[in-house]
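Chain by chain, the residues run as shown.
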Amino acid sequence: MDMETIDSSSQTHASTSNPTEEAVESEDDDECTGPPWGKLPSHILSQIAYYMFPWERVRMAKTCRNWHDGVMRSPSLWRSSDIRVRGNWRDNPEIEYVRYLGRYLRRLSICGSVRCQRHTKKFQRTVTTILAHLYRQGPVQLDELTVTEFHFQSYFRGTSGEFARAGVMRSLKRFLRQQRRLRVVDFGFNTMTGEEGVSLLTAIQSSKDSAAKLEHLNIEELFKYKERIFESEAFVEALLSFSNLQSLVINYSCLSNELISGLSEAVNYVGKLKCLDVRCSRSDSGEHTIHPSAWQSFKYAFPSAKVHFRLHSWIKLTDIQRILVSEIPLTNLVILGHNDDSFQPDRTIRLVARTYRSVLEKFVIDVNPSYRPYHQSLISLFRDCKKLRSLELRGRVDWPTLREVFDYLEENHFKRGVRPELGFFRMIAVGNTPESYTDEALVFEEFREKLRALDLDYELVVEPRFYPLPHEYVNDQQQFVFQVLPDEEVLVE
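Below is a summary of the structure that appears in this document. If you're wondering where the values come from, they're calculated on a predicted model, not measured in any experiment.

Side note on unusual backbone geometry
For residues that are not glycine, phi is negative in most cases, and the peptide bond is trans in most cases.
Right, on to step 1. The amide bond that connects Gly138 to the next residue, Pro139, takes the cis arrangement and shows omega of 0°.
Right, on to step 2. You can see Pro139 is positioned in the loop between helix H6 (120-136) and strand S3 (144-148).
Right, on to step 3. In this structure, the amide linkage connecting Asn368 to the following residue, Pro369, adopts the cis form with an omega of 0°.
Right, on to step 4. Within the fold, Pro369 resides in the loop between strand S10 (362-368) and strand S11 (373-374).
Right, on to step 5. The phi dihedral of Phe189 is positive, around 60°, even though this residue is not glycine.
Right, on to step 6. Tracing the sequence through the fold places Phe189 in the loop between strand S4 (184-186) and helix H9 (194-206).

Regarding the environment of Val325
Right, on to step 1. Looking at where Val325 falls in the secondary structure, it is placed in the loop between helix H14 (317-323) and strand S9 (330-338).
Right, on to step 2. The sequence separation of Val325 and Ile290 amounts to 35 residues, and the corresponding C-alpha distance is 8.0 Å.
Right, on to step 3. In this structure, Val325 is in contact with Thr289, Ile290, Trp295 and Tyr356, ignoring residues within four places of it in sequence.

Some thoughts on the pairing of strand S12 (residues 390-397)
Right, on to step 1. The buried fraction of S12 amounts to seven of the eight residues, a majority that puts the element mostly inside the structure.
Right, on to step 2. Pairing of S11 with S12 involves two bridges; the strand directions are parallel. Counted as the bridge partner of Pro373 is Arg396 from S12.
Right, on to step 3. The pairing of S12 with strand S13 (residues 424-430) spans six bridges and is classified as parallel. Residue Leu391 lies in a different strand from S13, and its bridge partner there is Phe425.
Right, on to step 4. Running through helix H17 (residues 399-414), the crossover from S12 to the neighbouring parallel element S13 is right-handed.

A closer look at the layout of surface pockets
Right, on to step 1. Of the volumes computed, that of the largest pocket is approximately 810 Å³.
Right, on to step 2. Along the wall of the largest pocket there are 28 residues; nearest its centre are Pro54, Val58, Trp78, Tyr97 and Leu101.
Right, on to step 3. When contributions to the lining of the largest pocket are tallied by element, the ones reaching two or more residues are helix H3 (54-61), helix H4 (65-72), strand S1 (80-84) and helix H5 (92-101).
Right, on to step 4. Looking at which element gives the most residues to the lining of the largest pocket, the answer is H5, with six residues.
Right, on to step 5. Here the lining of the largest pocket is built from residues that sort into 13 nonpolar, four polar and 11 charged.
Right, on to step 6. In this structure, the second largest pocket occupies an estimated 160 Å³ of space.
Right, on to step 7. Lining the second largest pocket are Lys299, Phe302, Pro303, Ser304, Ala305, Lys306, Pro329, Thr331, Val359, Glu361 and Lys387.
Right, on to step 8. When grouped by side-chain class, the residues that make up the lining of the second largest pocket number five nonpolar, two polar and four charged.

Observations regarding the pairing of S1
Right, on to step 1. What you see with S1 is a clean split: Ser81 and Ile83 sit on the buried side and Ser80, Asp82 and Arg84 on the side with no burial.
Right, on to step 2. Both S1 and strand S2 (residues 107-111) contribute to a ladder of five bridges, which runs parallel. Within S2, the position partnered with Ile83 by the bridge is Ile110.
Right, on to step 3. One crossover worth recording links S1 to the parallel S2 by way of H5, and it is right-handed.

Focus on the side chain of Ser342
Right, on to step 1. Tracing the sequence through the fold places Ser342 in the loop between S9 and helix H15 (345-355).
Right, on to step 2. Polar side-chain contacts of Ser342 include one of 2.5 Å to the side chain of Asp340.
Right, on to step 3. Not counting the four nearest positions on each side in its chain, Ser342 is found in contact with Ile315 and Lys316.

Points about the packing of helix H2 (residues 42-49) against H4
Right, on to step 1. In the contact formed by H2 and H4, the axes pass within 8 Å of each other and the chain directions differ by 70°. The angle between H2 and H4 places the two elements in the roughly perpendicular class. Helix-helix and strand crossings are classified by hand; for H2 and H4 the assignment is right-handed. Taken together, the residues of H4 that come into contact with H2 (itself represented by Ser42, Leu45, Ser46 and Ala49) are Asn66, Trp67, Gly70 and Val71.

A short note on the nonpolar core
Right, on to step 1. Membership of the largest hydrophobic core comes to 136 residues, with the highest contact counts inside it found for Phe235, Ile250, Phe309 and Phe363.
Right, on to step 2. The contact partners of Phe363, leaving out residues within four places of it in the chain, are Leu333, Ile335, Ile349, Val352, Leu381, Leu388, Ser390, Leu391 and Glu392.

Focus on the packing of H15 against helix H16 (residues 377-384)
Right, on to step 1. Direction vectors running N to C along H15 and H16 enclose 15°, while the axes themselves pass 8 Å from each other. Classified by the angle their axes make, H15 and H16 are roughly parallel. Considering how the two elements wind past one another, H15 and H16 form a crossing that is left-handed. For the pair H15 and H16, the contacting residues are Pro345, Asp346, Ile349, Arg350 and Ala353 in the first and Ser377, Ser380, Leu381 and Asp384 in the second.
Right, on to step 2. Residue composition of the contact of H15 with H16, grouped by class: four nonpolar, two polar and three charged.

A short note on the packing of aromatic side chains
Right, on to step 1. All chains considered together, the criterion is met by 16 aromatic pairs.
Right, on to step 2. Between Trp78 and Tyr97, the ring centres sit 5.9 Å apart and the planes meet at 65°, which makes this aromatic pair edge-to-face. Here Trp78 is found in the loop between H4 and S1, whereas its partner Tyr97 is found in helix H5, with 19 residues between them in sequence. Assigned by exposure class, Trp78 and Tyr97 land together as buried.
Right, on to step 3. Ring plane angle 85° and centroid distance 5.7 Å describe the contact between Phe425 and Tyr458, whose orientation is recorded as edge-to-face. Placement of Phe425 in strand S13 and of Tyr458 in strand S14 (residues 457-463) is noted, with a sequence separation of 33 residues between them.
Right, on to step 4. Tyr458 gets classed as buried once you look at its relative accessible area, which sits at 1%.
Right, on to step 5. An aromatic cluster of three or more residues is present, and its members are Phe382, Phe406, Phe414, Phe425, Phe444, Phe447 and Tyr458.

Conventions and cut-offs
- Residues numbered from 1 in each chain as written.
- Predicted model: local features only at pLDDT ≥ 70, side-chain atom pairs only at ≥ 80, totals over all residues.
- Heavy atoms only, no water.
- Helix = DSSP H or I, 4+ residues; strand = E, 2+ residues; numbered from the N terminus.
- Contact = heavy atoms within 4.5 Å.
- Buried < 20%, exposed > 50% of the residue type's maximum accessible area, 1.4 Å probe, protein only.
- Pairing = 2+ DSSP bridges.
- Right-handed = clockwise from strand over helix to strand, strands pointing away.
- 1 Å grid on protein atoms, 1.4 Å probe; cavity = no way out; pocket = protein on both sides within 12 Å on 5 of 7 lines; lining within 4 Å.
- Points joined across faces, edges and corners; volume = space filled by probe spheres on them.
- Nonpolar A, V, L, I, M, F, W, Y, C, P; charged D, E, K, R; others polar.
- Polar contact = N/O pair within 3.5 Å; in protein donor to acceptor, adjacent residues only side chain to side chain.
- Axes fitted to C-alpha atoms, helices over the stretch in contact; angles between N-to-C directions.
- Parallel < 35°, antiparallel > 145°, perpendicular 65-115°, else oblique.
- Left-handed = near helix turned anticlockwise from the far one by under 90°.
- Core = buried A, V, L, I, M, F, W, Y, C linked by side-chain atoms within 4.5 Å.
- Phe/Tyr/Trp six-rings, centres within 6.5 Å; stacked < 30°, edge-to-face > 60°.

See below:
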């Protein structure tokens with residue numbers, strides 16, 4: 001009787017446990033019959049790989065044959081490549097990349113590094129090999145090419161450096177002569193001789209297709225320091241051959257009356273150039289002056305062009321007056337550098353506001369340390385420059401000046417509910433004591449709600465003073481310990 005009870009209970013237990021086992025088996029079956037990851041279509045694999053880094057795509061391609069075909073045979077995934085040449089064994093993956101996938105490239109960036117000065121021969125061999133692979137595969141036709149930070153003047157010295165330099169130049173010129181569709185070229189920070197730099201531009205010019213299609217050209221610091229390129233007729237001739245140029249980044253040492261007048265008079269150029277970005281630095285040979293008549297003809301030929309000037313370490317008022325003649329259609333101006341007590345902020349701002357009141361859109365002054373404060377010149381920017389949209393100043397400012405600025409805004413804009421054209425204003429103030437800018441900060445806080453209502457980004461940032469002032473400027477030896485940030489109360493520790 002007991003045995004029969006046990007058998008019946010075991011049968012009952014077995015019958016109750018069967019559904020669970022069947023559920024587990026059914027789940028296993030579902031897993032076995034799930035999506036076939038190894039058989040995904042190529043277009044889905046390429047979409048997944050689009051969001052990955054190149055090295056992740058390579059790992060994905062090693063998973064199985066189907067994934068390999070879907071990733072490696074999708075040209076859209078391999079259109080762009082950024083290569084940093086070091087002149088050692090780390091360059092091998094870059095060479096292999098170009099060797100197997102170079103035929104898909106449409107944008108290529110080759111950038112030098114600090115290490116290349118130690119191994120100039122290996123650096124030259126890497127660059128030559130990369131360009132040779134691209135040359136043999138068609139040659140590959142690029143839309144964008146960047147060759148930057150080679151720093152020939154600093155890194156390629158001595159007999160071995162000159163040999164490596166010549167090899168790199170030969171490979172570059174041979175490759176450029178075969179290009180037919182270049183639209184963007186960046187040769188910045190290579191510090192070549194005038195002859196070498198002009199030969200690269202001439203190589204692009206020899207390919208008439210690229211010369212007619214080139215839209216953006218960056219030759220900032222292409223030539224070595226103190227090179228008087230503005231005297232080179234070959235440079236002017238090479239640059240004028242690019243008939244479709246819309247954006248040009250250039251050093252002031254490359255500008256000349258012949259170049260500005262040539263751009264204005266060339267039939268193919270008229271009306272096309274949209275942006276001229278000029279960089280002035282102490283390393284340039286910037287003692288020359290562009291005649292106002294050349295800038296006047298430039299203004300008439302390109303009425304919608306935006307001219308940007310960045311003055312690096314050219315902070316003396318006499319230098320600024322010599323470079324920035326009144327006929328320049330200047331829209332963006334940046335003045336930065338170290339102050340040796342020769343910078344006059346008030347007179348500089350008055351000069352800029354008076355000369356470019358009808359065209360200036362962005363103005364930045366970042367000269368440090370600051371000895372002289374901003375006074376009444378600040379209000380002239382708000383009052384006279386009607387197109388000014390962005391203003392950033394670093395220096396010393398007093399409470400009455402800021403109060404006058406905000407009183408002008410209150411009377412002409414805030415009361416009427418009219419938004420001023422100047423949408424961004426940042427005052428980075430430096431002073432002597434923690435209480436120096438408390439009143440100024442409270443002025444900003446007083447108008448905070450009105451600034452928010454008109455969607456204006458105005459802020460006062462107070463930073464500590466970590467440099468010694470001349471004796472005639474020193475009032476107190478204490479330093480700043482507070483900072484005023486947007487949307488926050490005044491914090492004083």
